[in-house]
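# Summary of structural features
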Amino acid sequence: MFRTALRPRMLGLLALTLVLMAVMSGLGVWQLGVARDNGRVEAMQEARSRPVAPLTDVVGPHEQFPDNGSLRRVTATGHYDPSGQVLVAPRRLHGHTGAWVVTPLVVDGTGARLAVVRGFVDGPDATPPAVPTGTVTVTGALAPSEEPSDPGRPADRLSTVDLPLLLDRWGGSIYNAFVFAIDEAPASGTQTDASAGLQRIPPPRPEAGLDLRNAGYALQWWVFAAFVGYMYVRILRDEHRSHTEPGPDDPATEPTTNERAHV
């Protein structure tokens, strides 16, 4: 079969097959990317379409993070505890390396602490602005605890938003969630001056599924590519058999003189 594959006709067919399979596979990869992009857009639109809810309607202190709570926009009212403020570093924002400023908000009505990522400060040794005093209402996007922080760091500097570790350091009750602050305002409803030195952190993109229609197109193109490869193998086998198996007119198949006499 190898010699058959090296015939000029079969080599040309192989080249055409490889080109077609490459093009179809590439189209499948492109459609898969479109499916992911469309799924991400749909997830973001779905997250934005959900109304802002009070924190207490979504999750309570020490409760498990809700299944549909990722990036859910919530509001919480309380006062900041400046003694528990920590920096999470290194983090990057707009090409700069710095730290997240995480401050516990003591939520009214429950007394539990909610970790609030109030913003970003540029530089690993940057000093965050003062913590707002008095009653403040925070609007933000909910997120679950990150992976455990690196051990051995100072009490006010972590590598992740590690809520179990923060519970050990803050004491009392805590929410098994933190929020990326979108807005924080005192009881008067005006923007706090203390947040002026912070850069707001855009909430991360929601986990996206796939747009089923485009995913189906991707699968379709890959099936086409596999079918083209199958057809090449089948044609190669038929070509090989036509050159190796004797046909009905092949003299080798006719009986010899002795055989005819015997008959």
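This text gives an overview of the structure that appears in the document. (Residues numbered from 1 in each chain as written. Predicted model: local features only at pLDDT ≥ 70, side-chain atom pairs only at ≥ 80, totals over all residues. Heavy atoms only, no water.)

Helix and strand counts for the protein stand at 6 helices and 8 strands. Going from the N terminus to the C terminus, the protein shows its helices and strands as α-α-β-α-β-β-β-β-β-β-α-β-α-α. The buried share of the protein, taken over its 263 residues, is 39%. A separation of at least 24 residues holds for 69% of the contacts in the protein among residues at least 6 apart in sequence. (Helix = DSSP H or I, 4+ residues; strand = E, 2+ residues; numbered from the N terminus. Buried < 20%, exposed > 50% of the residue type's maximum accessible area, 1.4 Å probe, protein only. Contact = heavy atoms within 4.5 Å.)

Another point: the environment of Gly 140. Structurally, the position occupied by Gly 140 is in strand β6 (residues 136-143). The class for Gly 140 is buried, based on a relative accessible area of 1%. Counting along the chain gives 69 residues from Gly 140 to Leu 71, while the straight-line C-alpha distance between them is 8.3 Å. Those residues in contact with Gly 140 that sit more than four places away from it in its chain are Arg 72, Arg 73, Val 74, Val 179, Phe 180, Ala 181 and Ile 182.

With 2 bridges joining them, strand β1 (residues 53-54) and strand β2 (residues 73-80) adopt parallel strand pairing. Bridging from a neighbouring strand, Ala 53 pairs with Val 74 of β2. Here β2 runs beside β6; their pairing, made up of 6 bridges, is antiparallel. Bridged to Thr 75 within β6 is Thr 139. Pairing between β2 and strand β4 (residues 96-107): 3 bridges, direction antiparallel. The residue bridging Tyr 80 from the neighbouring strand is Leu 105, located in β4. (Pairing = 2+ DSSP bridges.)

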